[in-house]
Amino acid sequence: MFKLFKRFAGAYRRYFIIGPASKLLEVFFDLLTPLVIARMIDEGVTSRDVPEVVRYGVLLLVMAVVGLCFTLVCQKMAALASQGMGTDIRRELYRSINRLSHAELDRFGTPSLITRITNDVNQVQLAVALGVRQLIRWPFLAIGSMVAALLIDLKLGVIFLISTPLIGIVFWVVMAKCVPYYRQMQQKLDRIALITREGLSGARVIRAFVREEHERERFRAAAYDQAQTAIAVGKLSSVLNPVTFLVMNLGVCAILWAGGIQVNVGDLTQGEVMAFVNYMTQTLLSIVYVANLVVVFTKASASATRVNEVLECEPSVSDEGNAPVDLAPVAAALEQTRADGADASAIPALRMSGACYAFAGSSTNAVDHADITLLPGQTLGVIGGTGSGKSTLVSLIPRLYDTTAGSVDVMGTDVRLWPLRQLRQVVGMVPQKASLVSGTIRSNLCWRDAQASDEELWHALECAQAAEFVRKLPQGLDSPVEAGGKNFSGGQRQRLTIARALVGSPALLILDDSASALDFKTDAALRRAIRTLSHTRSAGLPLTTVIVSQRVSSVRDADIICVMRHGEIVGQGTHDELLATCPIYQEICLSQLKREELGAAGEGGAR
Ligand SMILES: Nc1ncnc2c1ncn2[C@@H]1O[C@H](COP(=O)(O)OP(=O)(O)OP(=O)(O)O)[C@@H](O)[C@H]1O
Ligand SMILES: [Mg+2]
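Residues numbered from 1 in each chain as written. Chains lettered and ligands numbered in written order. Predicted model: local features only at pLDDT ≥ 70, side-chain atom pairs only at ≥ 80, totals over all residues. Heavy atoms only, no water.

Undergrad: Go over the packing of helix H5 (residues 110-135) against helix H7 (residues 154-201) with me, naming the residues and quoting the values.
TA: Axis separation between H5 and H7 bottoms out at 9 Å; the angle between their running directions is 130°. Between H5 and H7, the interaxial angle falls into the category oblique. Judged by the sense of rotation from one axis to the other, the crossing of H5 with H7 is right-handed. The residues of H7 that touch H5, namely those facing Thr110, Pro111, Ser112, Ile114, Thr115, Asn119, Asp120 and Gln123, are Gln186, Leu189, Asp190, Ala193, Leu194 and Arg197. In the contact of H5 with H7, the residues fall into 5 nonpolar, 6 polar and 3 charged. (Axes fitted to C-alpha atoms, helices over the stretch in contact; angles between N-to-C directions. Helix = DSSP H or I, 4+ residues; strand = E, 2+ residues; numbered from the N terminus. Parallel < 35°, antiparallel > 145°, perpendicular 65-115°, else oblique. Left-handed = near helix turned anticlockwise from the far one by under 90°. Contact = heavy atoms within 4.5 Å. Nonpolar A, V, L, I, M, F, W, Y, C, P; charged D, E, K, R; others polar.)

Undergrad: A description of the domain arrangement of the chain should follow, citing residues and the corresponding values.
TA: Many analyses report the size of an interface as the accessible area lost when the parts associate. Taken domain by domain, the chain consists of domain 1 (2-311) and domain 2 (338-594). Once you take the C-alpha centre of each, domain 1 and domain 2 turn out to be 56 Å apart. The interface of domain 1 with domain 2 comprises 4 residues on the first partner and 4 residues on the second. Note on domain 1 versus domain 2: buried area summed over both sides is about 340 Å², and carbon and sulfur give 53% of it. (Domains from an automatic or database assignment. Buried area = accessible area lost by both parts, 1.4 Å probe.)

Undergrad: Report on the site of ligand 1, specifying residues and quantitative values.
TA: If you check the shell around ligand 1, you find 14 residues, and the closest are Gly387, Lys390, Ser391, Thr392 and Gln432. A distance of 3.1 Å is found between an oxygen atom of ligand 1 and a backbone nitrogen or oxygen belonging to Ser388. It is helix H13 (residues 390-395) that provides the largest number of residues to the shell around ligand 1, a total of 3 residues. For the shell around ligand 1, the residue count by class is 3 nonpolar, 9 polar and 2 charged. (Near = heavy atom within 4 Å. Polar contact = N/O pair within 3.5 Å; in protein donor to acceptor, adjacent residues only side chain to side chain.)

Undergrad: Quick one: what's the story with the pairing of strand E11 (residues 560-565), residue by residue and with numbers?
TA: Counting buried positions over the 6 residues of E11 gives 5, a clear majority of the element. The sheet contact formed by strand E3 (residues 379-384) and E11 spans 5 bridges and is parallel. From the neighbouring strand, Gly381 faces E11, where its bridge partner is Ile561. Here 5 bridges tie E11 to strand E12 (residues 568-573), and the two strands are oriented antiparallel to one another. Bridge assignment links Arg565 to a residue of E12, and that residue is Glu568. Remark: 2 residues form the turn of the hairpin made by E11 and E12, two consecutive strands paired antiparallel; His566 in that turn has positive phi of roughly 45°. (Buried < 20%, exposed > 50% of the residue type's maximum accessible area, 1.4 Å probe, protein only. Pairing = 2+ DSSP bridges.)

Here you go:
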């Protein structure tokens, strides 16, 4: 909490000074009030002096109004400071989250990040607001009341000195037991957020599989679990109020009894006893409020730790100090190759050397020693069963994950030496899960190049086989896209994300199972369009393509096909070579292609 405060409070320093200062003045009037009432009783009420009572009454009213003014100033300062700090923390959190690499995003998990940016920041905000308003008030009021009471009479003060620590001890015991529960509650809230998110985003699938009852039960269990913790805390803290009031009222009884005797003897006036009672209640109530503050601050401290975890998380993928990569030598090497009539350019568009990746907490490599060399303009096909590591392999190219061993070079430069922005400009990726954000088709297409012209956008749409349905929309490129692109079909979404990757002319295009929702004819048309694209780019760098698919038909024309199994590349070559040499590829082909489609090479190898 302190760390967050130190980092974000600077801009609001004046509110943190003016707010508590106004509160102190208000407390000053609060402390004077019992004294004025005592005078009113002693000088006005006991002698039945009505004008004196009215005079003191007016004085009390004026004090109340002035006190109120200071309260309002403090309230405003508290609101400005807490809202301002909350907004700054959220902005910074959002920035930090956007800097994180996939590995850290996996570690935190989306639901937890959402609770951190909403609920946790709220808790911190609440603590800041209460801090400005109450942190000074209650301790000051408690100590001030105690001093004022002791100044009235030392002997009665003994009652004070006994009852105050008594309540203090009760609070300390209860709080010590409650604090661990608050941390648990936050974690359980994370789980509810996770289930809610899954349930809502997967509502259609859940209905289709008639899993509503199961999901409801899962939600109910998580909510019940959280409620149980909250109830446990509630039960513990419910002890506090009765005990406090018991001690407080016993103290008041003792004061009235002992004070009564002193009034009779003439040592004290009635007004002074009343003032004593007032100070006593004020002190003990202050302790109750201080305890409430402790609760709020404990929750906020748990939240602040969670917020700090994100703010302080150093992204494992960083490009600090990386100089821009010059692509001219790649084009020159290619030119030279063509001039020499050689078949392999000196600088490959993509090279993986012993590249490995293991997810955190996993003992096996999701990508295991991948060796691939792909020349500019070539097409790489990646095929393999579900979970064989295809997506993880291609995620290494735009550096969504950093290899745990080995290296990945794009255009002859290790991806770790590229400025990330340039790398991701050069590498256009269509992720497996087509995701669009709310806005318009245009705003979704312009992610890679904000200045892209309409002509460029239409060209990308044409190529991605999306132009036809976009043209039919009444607003064309400016047609609205709802959150997650849910006003488009799965296939339309996929085509739009392909078009998005093509805008801004990438030199390396990755299609991660991007044709899975397209019919065979459209898939073929898409590949044909991409191939023509690669031929028309000969001026600069030709388009190099990586196609991930589970369909043989999507990768069979590729220059190199990698067959993946359990993270390993178990076969590499052209369609014909693999048919002859790779049993797994043969198996995949046999299950998908008609025997006559396998071709001559397959005839020998597949049998
Ligand atoms: N974020 C993650 N955290 C932990 N493990 C993961 C994560 N993503 C994938 N894996 C694991 O890594 C392995 C490879 O996953 P990957 O997504 O690369 O497979 P894939 O070949 O793309 O599968 P599919 O064809 O279904 O898309 C799987 O065993 C999977 O369980
Ligand atoms: Mg995949």
